[in-house]
Amino acid sequence: MAKEMRTIGVLTSGGDAPGMNAAIRAVVRKAIANGVKVKGIKKGYQGLLNEEIVDLERWSVADIIQRGGTILGTARCTEFKTEEGQEKGAEICRKYGIDGLVVIGGDGSYRGAQALSRKGINTVGIPGTIDLDITCTEYTIGFDTAINTAMDAIDKVRDTSSSHERCSIIEVMGRNAGYIALWCGVANGAEDILLPEKYDFNEQTIINNIINNRKRGKTHHIIINAEGIGHSTSMARRIEAATGIETRATILGYMQRGGNPTCKDRFYASIMGAYAADVLCSGKTNRVVGYKHGEFQDFDIEEALAMKKSISEYQYEISKALSM
Ligand code: ADP
Ligand code: F6P
């Protein structure tokens, strides 16, 4: 029989992402509309272990939908990766009467949710990461804002790069995933796009591209490099030495993770938050919300974590064809 939900908790974990606040707001308001109380857990699993737990009412989440970051705060917590940490977390949930928990974060955070579920605390995950690297979903909270922030910044670098007839390497976020680099590479009309999933570390190909483009009369050369490849500054030095063309590196960094969420991030995060509250209130556990084939759906966490995600070959080929 499904476990009755009287009180649920909500936390954000891992890297923050614009739109997390919209998701928190939706979880709180939908759960309350379903007759369920909500507690906010600050600073992810670390805050759970430290018992940083507050009551949330409808009004507690007013005036946050437009704000970047997360009002609950977030953290990475190594203690929660241990059996003892997870047992303590489940015990604390029981102590505070938390029957179920919504975890907003990436796949690392889902593993924590999975562990709690095994210990009798119902859980549901919501994909919150700017990296888009969660397999069971075509959308993750914050990606849309991050790519638009990066795209605007890259346009600006391009203006000055063209004026000075320079080559520019612009590094975007994505430690293990090249989605931000791929989308911005195409959207900004970059001449080279370097993705961790595809890069062969052959700088000579890039150098040849730059020399050939210059011969054809191009005044700039934009290279979008993903954080997972990194080394943009030393790459710039080597490219300048090999081509004789002034080359500069710009690392966009954390600015990509902040800022007011776009309309898409506010809307999708709101739907996902409400959906997650409904999933939990219906007594389900060990689920994760996703957006696939045009619909919001929920998946078993085990299955979601076992799925493999990779850059679309077709999109990658197009990105290369368009940059010629
Ligand atoms: P993300 O959720 O964005 O992938 P992390 O991988 O850093 O970010 O995970 C966030 C947090 O989730 C970790 O700091 C840890 O507290 C928890 N976590 C990660 N992996 C596990 C695991 N295997 N078991 C339990 N908890 C985990
Ligand atoms: O949130 C995802 C992400 O921004 C990755 O692109 C990046 O590699 C990582 O988080 C950096 O996280 P932090 O420096 O906060 O540990």
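Computed from a prediction, not measured in an experiment: that's the story for all the values here. (Residues numbered from 1 in each chain as written. Chains lettered and ligands numbered in written order. Predicted model: local features only at pLDDT ≥ 70, side-chain atom pairs only at ≥ 80, totals over all residues. Heavy atoms only, no water.)

Trainee: What exactly am I supposed to notice about the site of ligand 2 here?
Mentor: Taken together, Gly 15, Arg 76, Ile 130, Asp 131, Met 173, Gly 174, Arg 175, Glu 227, Tyr 254 and Arg 257 make up the full set of residues near ligand 2. At 3.0 Å, a side-chain N or O of Arg 76 approaches an oxygen atom of ligand 2. Counting atoms within 2 Å of the grid points, the majority share of ligand 2 lands in the largest pocket. Looking at which domains feed residues into the shell around ligand 2, each of domain 1 (7-142 + 261-306) and domain 2 (146-257) gives three or more. (Near = heavy atom within 4 Å. Polar contact = N/O pair within 3.5 Å; in protein donor to acceptor, adjacent residues only side chain to side chain. 1 Å grid on protein atoms, 1.4 Å probe; cavity = no way out; pocket = protein on both sides within 12 Å on 5 of 7 lines; lining within 4 Å. Sits in = over half its atoms within 2 Å of the grid points. Domains from an automatic or database assignment.)

Trainee: Explanation requested: helix α7 (residues 203-215) in the structure shown.
Mentor: Three- or four-residue spacings in an α-helix give side chains the same orientation, since the helix completes a turn every 3.6 residues. With 13 residues, α7 ought to run about 18 Å at 1.5 Å a step, and its terminal C-alpha atoms sit 19 Å apart, in line with that. Glu 203, Ile 206, Ile 207, Ile 210 and Asn 213 are the residues of α7 that are buried. Viewed end-on, α7 has its buried residues packed into an arc of 130°, placing them on one side of the element. Buried residues along α7 sit in contact with β6 (167-172), β7 (192-194), β8 (221-226) and α8 (232-243). Where α7 starts, the residue carrying a side-chain oxygen 3.1 Å from the main-chain nitrogen of Gln 204 turns out to be Asn 202. (Helix = DSSP H or I, 4+ residues; strand = E, 2+ residues; numbered from the N terminus. Expected span 1.5 Å × (residues − 1). Buried < 20%, exposed > 50% of the residue type's maximum accessible area, 1.4 Å probe, protein only. Arc of directions from axis to C-beta. Contact = heavy atoms within 4.5 Å.)

Trainee: Please explain the domain arrangement of the chain as it appears in this structure.
Mentor: You'll often see interface size given as the accessible area lost when the parts meet. Assigned domains of the chain: these are domain 1 (7-142 + 261-306) and domain 2 (146-257). One C-alpha centre belongs to domain 1, the other to domain 2; they are set 35 Å apart. Carbon and sulfur atoms make up 57% of the surface buried where domain 1 meets domain 2, a total of about 820 Å² over both sides. When the buried surface of domain 1 facing domain 2 is broken down by residue, Ile 130, Asp 131 and Leu 132 rank first, second and third, together holding 52% of it. The interface formed by domain 1 and domain 2 contains 1 salt bridge. Here Arg 257 ties to Asp 16 by a salt bridge, and the two come within 2.9 Å at their closest N and O atoms. Partitioning the side of domain 1 that touches domain 2 into residue classes produces 3 nonpolar, 3 polar and 4 charged. (Buried area = accessible area lost by both parts, 1.4 Å probe. Salt bridge = Lys/Arg side-chain N within 4 Å of Asp/Glu carboxyl O. Nonpolar A, V, L, I, M, F, W, Y, C, P; charged D, E, K, R; others polar.)

Trainee: I tried to follow the packing of aromatic side chains on my own but got confused; where do I start?
Mentor: The geometry of an aromatic ring pair is captured by two quantities: the separation of the ring centres and the angle between the planes. According to the stated counting rule, one finds 8 aromatic pairs in the structure shown. Note on Tyr 45 and Phe 80: the rings are 4.1 Å apart at their centroids and 5° apart in plane angle, and the pair reads as stacked. In this pair, Tyr 45 sits in helix α2 (residues 44-49) while Phe 80 sits in the loop between β3 (53-56) and α3 (83-95), placing the two residues 35 residues apart along the sequence. Per residue, the accessibility class of Tyr 45 equals that of Phe 80, and both read buried. Ring centres of Tyr 139 and Tyr 268 lie 4.5 Å apart, and the angle between their planes is 45°; this geometry places the pair in the tilted category. In this pair, Tyr 139 is assigned in the loop between β5 (122-127) and α5 (143-163) and Tyr 268 in helix α9 (residues 263-281), connecting sequence segments 129 residues apart. The residues Tyr 139 and Tyr 268 share a single accessibility class, namely buried. An aromatic cluster is defined as three or more aromatic residues linked by ring pairs; in this entry it consists of Tyr 139, Phe 267, Tyr 268, Tyr 291 and Phe 296. Between Lys 264 and the ring centre of Tyr 268, over which it is positioned, the NZ or CZ distance is 5.1 Å. (Phe/Tyr/Trp six-rings, centres within 6.5 Å; stacked < 30°, edge-to-face > 60°. Lys NZ or Arg CZ within 6 Å of the ring centre and 35° of its normal.)

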